Amino acid sequence: MEIIKKHWKKVVIVLILLIIAGGILLVSPNFKKDPNEGKINFIINNNNVTGKLKHDIWINENNVVYASMEDLENYFDGQIYHDKKNNQIITTSDTKVAVLSLKEKKMLVNGSEVKLVSGAVKKDGIYYLPISEMSKIYNVEIENIGNKVITLDSLDRELVKADVTKNISVKYNTKFITRTVDKLKQGSKVIIISEKDGYSRIRTENGKIGYIKSDKLTNKFKVREKMVTEPQITGKVNLVWDYYSEYVNAPERTGTIQGINVVSPSFFSLKNAEGVTIIDNTKRGGEDYITWAKSNGYKIWAMFSNNSLREPTSKILNDYNLRTEMIEQIVELATKYKLDGINVDFENMNMADKDMYSRFIIELAPRLREYGIVTSVDVTAPDGSENWSLCFDRDVLADAVDYMVFMAYDQHSTSSPKTGTVAGCDWVEVNIKKFLNQEAVKKEKIILAMPLYTRLWKTDSTGKITSSVVNMNKVSSAIPENVEKTWDENTKQNYVEWEKSGTKYQMWIEDVKSIEEKLNLINKYELAGGAFWEKDRETNDIWALAEEKLK
């Protein structure tokens with residue numbers, strides 16, 4: 001009897017252990033039931049994102065695949081926009097702007113109308129877009145492969161396929177004991193996602209993702225190469241602005257400017273008028289300027305200014321139709337003159353228009369990029385005044401454009417209540433750090449713009465402060481001969497002061513030495529390059545220095 005009791009005791013213990021082991025296997029991700037079973041599975045670039053979607057993918061009676069606007073925002077267009085006034089949804093990609101009507105089965109793609117089998121819809125309070133009809137917008141291939149599986153592959157990514165050498169099971173992972181996700185027959189084709197330690201992560205023809213041993217694959221072949229876009233500028237950008245107004249002819253340039261690879265002439269500006277009117281300054285000698293620039297190998301990133309017209313700018317930005325009209329005019333001008341880029345310089349804007357200015361840039365950049373035209377946007381230092389600094393969402397703008405130009409001036413302007421430098425190196429460096437950290441702008445997009453001028457400050461006997469701009473090439477003539485320069489280690493500038501007839505004069509000098517310190521910051525923080533405001537204010541030694549530092 002005692003032997004029987006011991007036997008049954010062992011049996012009970014074994015059963016308990018088996019139950020525990022079975023329970024562990026059931027809750028282990030290696031063996032538990034696929035949580036996406038029964039749903040339409042959505043595979044984006046070899047990742048099953050079904051469980052991460054905010055709303056389920058669905059297919060209508062026309063076999064059109066729908067995804068929610070929220071999920072499109074998460075995976076494809078972080079700035080997708082519902083234009084409530086016109087009852088439409090605007091989405092953008094690298095080179096496309098698509099406008100989907102919520103009333104009709106149509107969309108506009110870069111201004112051209114496209115008829116849709118099924119349009120955008122609102123369902124249970126959620127906006128859904130016909131993603132299978134938008135494949136060209138996002139440059140993807142979408143396929144309904146059956147068995148409740150939708151695959152989406154980006155056409156700019158590498159795609160490698162192979163054949164399976166024998167009947168084999170595809171496993172959830174590479175562990176010794178794990179569940180089977182699919183079974184393949186000899187000769188089946190699979191997509192190779194990655195290879196490591198003798199195993200290949202693959203996607204089967206059924207859309208299942210798992211692992212098999214790499215030696216069970218043969219006939220590997222590359223279906224598609226990874227698409228690499230060559231930058232327009234190799235190495236650092238070295239830009240100079242060439243400013244003139246609609247009342248003055250374009251400067252007559254001859255010869256070369258040492259080290260410069262981009263010129264930005266002030267070709268286009270907004271006119272204070274009803275609707276949208278862009279002043280075309282190329283009509284005043286600009287075509288000769290273009291010929292000169294191209295013959296010397298310079299890229300031309302024409303400047304487009306809003307002329308600091310705050311209210312007309314606000315009206316255009318906040319109206320989709322006017323905003324689109326402005327974009328169309330800029331694209332037409334840029335292509336007409338075969339320009340390489342557009343440098344957008346909008347200043348003195350309402351802080352309340354910050355998001356709509358971002359919309360303008362978000363919608364402009366893809367239209368220009370379609371023609372290989374670079375978009376750069378000029379911004380000021382963060383944390384300043386409402387109309388000068390807080391009107392820019394630098395993080396959003398940087399995502400949309402090719403380059404963001406930090407206008408590192410005026411630290412102290414004509415309206416400043418105290419005297420000081422235009423662009424102290426310490427102030428410039430603090431703000432570069434803000435761009436990189438606080439504003440989350442990528443270093444390879446930041447162009448540091450430096451002033452080729454300074455200010456002569458005057459404080460009279462009553463304490464009244466005034467200032468006047470002094471170009472770099474006029475500094476020497478503005479300072480009396482007997483005045484000594486002292487080096488300011490904080491601003492990295494030479495400083496002078498003197499008194500005359502009861503008035504105190506001060507100047508923080510911009511010269512080749514101060515510019516060198518700023519150029520050093522470009523290399524220290526690995527920025528995209530430098531820019532100079534503006535041509536003909538400099539001393540001759542500036543360009544050789546810029547070439548040396550930015551080569």
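Residues numbered from 1 in each chain as written. Predicted model: local features only at pLDDT ≥ 70, side-chain atom pairs only at ≥ 80, totals over all residues. Heavy atoms only, no water.

Chemist: Looking at this structure, how should I read the environment of Glu 37?
Modeler: Looking at the secondary structure, you find Glu 37 in the loop between helix H1 (2-27) and strand S1 (41-44). A sequence separation of 13 residues divides Glu 37 from Thr 50, and the C-alpha atoms of the two residues are 10.0 Å apart. (Helix = DSSP H or I, 4+ residues; strand = E, 2+ residues; numbered from the N terminus.)

Chemist: I tried to follow the packing of helix H5 (residues 310-317) against helix H6 (residues 320-336) on my own but got confused; where do I start?
Modeler: Helix packing geometry: the angle between the two helix axes and the distance between the axes. Axis separation between H5 and H6 bottoms out at 6 Å; the angle between their running directions is 105°. In terms of orientation, H5 lies roughly perpendicular with respect to H6. Every residue of H6 that contacts H5 at Lys 315, Ile 316 and Leu 317 is listed here: Leu 322, Arg 323 and Met 326. (Axes fitted to C-alpha atoms, helices over the stretch in contact; angles between N-to-C directions. Parallel < 35°, antiparallel > 145°, perpendicular 65-115°, else oblique. Contact = heavy atoms within 4.5 Å.)

Chemist: Got a minute to help me understand the packing of aromatic side chains in this structure?
Modeler: Given two aromatic rings, their pairing is described by the distance between the two centres and the angle made by the two planes. A full pass over the atoms with the stated rule returns 21 aromatic pairs. Between the aromatic rings of Tyr 409 and Tyr 453, the centroid separation amounts to 6.2 Å while the plane-to-plane angle is 70°, which identifies the pairing as edge-to-face. Placement of Tyr 409 in the loop between strand S28 (403-407) and helix H9 (425-438) and of Tyr 453 in strand S30 (residues 453-459) is noted, with a sequence separation of 44 residues between them. Like Tyr 409, the residue Tyr 453 is buried in the burial classification. Cluster of aromatic residues (ring-pair linked, three or more members): Phe 267, Phe 268, Tyr 289, Trp 292 and Tyr 298. Stacked on the ring of Trp 58, the Lys or Arg Lys 123 has its end atom at 3.9 Å from the ring centre. Taking NZ or CZ as reference, Lys 513 lies 4.3 Å from the ring centre of Trp 487, over its face. (Phe/Tyr/Trp six-rings, centres within 6.5 Å; stacked < 30°, edge-to-face > 60°. Buried < 20%, exposed > 50% of the residue type's maximum accessible area, 1.4 Å probe, protein only. Lys NZ or Arg CZ within 6 Å of the ring centre and 35° of its normal.)

Chemist: Any chance you could explain the pairing of S30 here in plain terms?
Modeler: A regular strand carries its side chains on alternate faces of the sheet. Across the 7 residues that make up S30, a large majority, 6, are buried. Where S30 and strand S31 (residues 465-471) come together, 7 bridges link them in antiparallel fashion. The residue of S31 that forms the bridge with Thr 459 is Ile 465. The hairpin formed by S30 and S31 contains 5 residues between the paired strands, and Gly 463 there has a positive phi angle of roughly 95°. (Pairing = 2+ DSSP bridges.)

Chemist: How do you make sense of the sheet that holds strand S4 (residues 65-68) when you look at a structure like this?
Modeler: Sheets are built from strands paired through backbone hydrogen bonds, the pairs being either parallel or antiparallel. In space, the 4 strands of this open sheet follow the order S3-S4-S11-S10, with antiparallel pairing throughout. Here the strands that pair on one side only, and so sit at the sheet edges, are strand S3 (58-59) and strand S10 (121-123). Here 3 bridges tie S4 to strand S11 (residues 126-130), and the two strands are oriented antiparallel to one another. Considered in S11, the bridge of Ala 67 is made with Leu 129.

Chemist: I'm lost on the environment of Thr 459 in this one. Help?
Modeler: By the element assignment, Thr 459 lies in strand S30. Separated by 40 residues in the primary sequence, Thr 459 and Glu 499 have C-alpha atoms spaced 9.4 Å apart. Once residues lying within four places of it in the same chain are set aside, the contact partners of Thr 459 are Thr 419, Lys 464, Ile 465, Gly 502, Thr 503, Lys 504 and Gln 506.

Chemist: Could you clarify how one ought to interpret unusual backbone geometry in this entry?
Modeler: Omega for the peptide link from Tyr 409 to Asp 410 comes to -10°, which places this bond in the cis form. Within the secondary structure, Asp 410 sits in the loop between S28 and H9. In the segment running from Trp 533 into Glu 534, the intervening peptide bond is cis, with an omega of -5°. Along the chain, the position of Glu 534 falls in the loop between strand S35 (529-533) and helix H12 (541-550). A positive phi angle is found at Asn 139, which is not glycine, with a value near 55°. Checked against the element boundaries, Asn 139 lands in the loop between helix H3 (135-138) and strand S12 (140-146). Positive phi values are uncommon outside glycine, yet Asn 348 reaches one of about 60°. Among the secondary structure elements, Asn 348 is positioned in the loop between strand S26 (341-345) and helix H7 (354-369).

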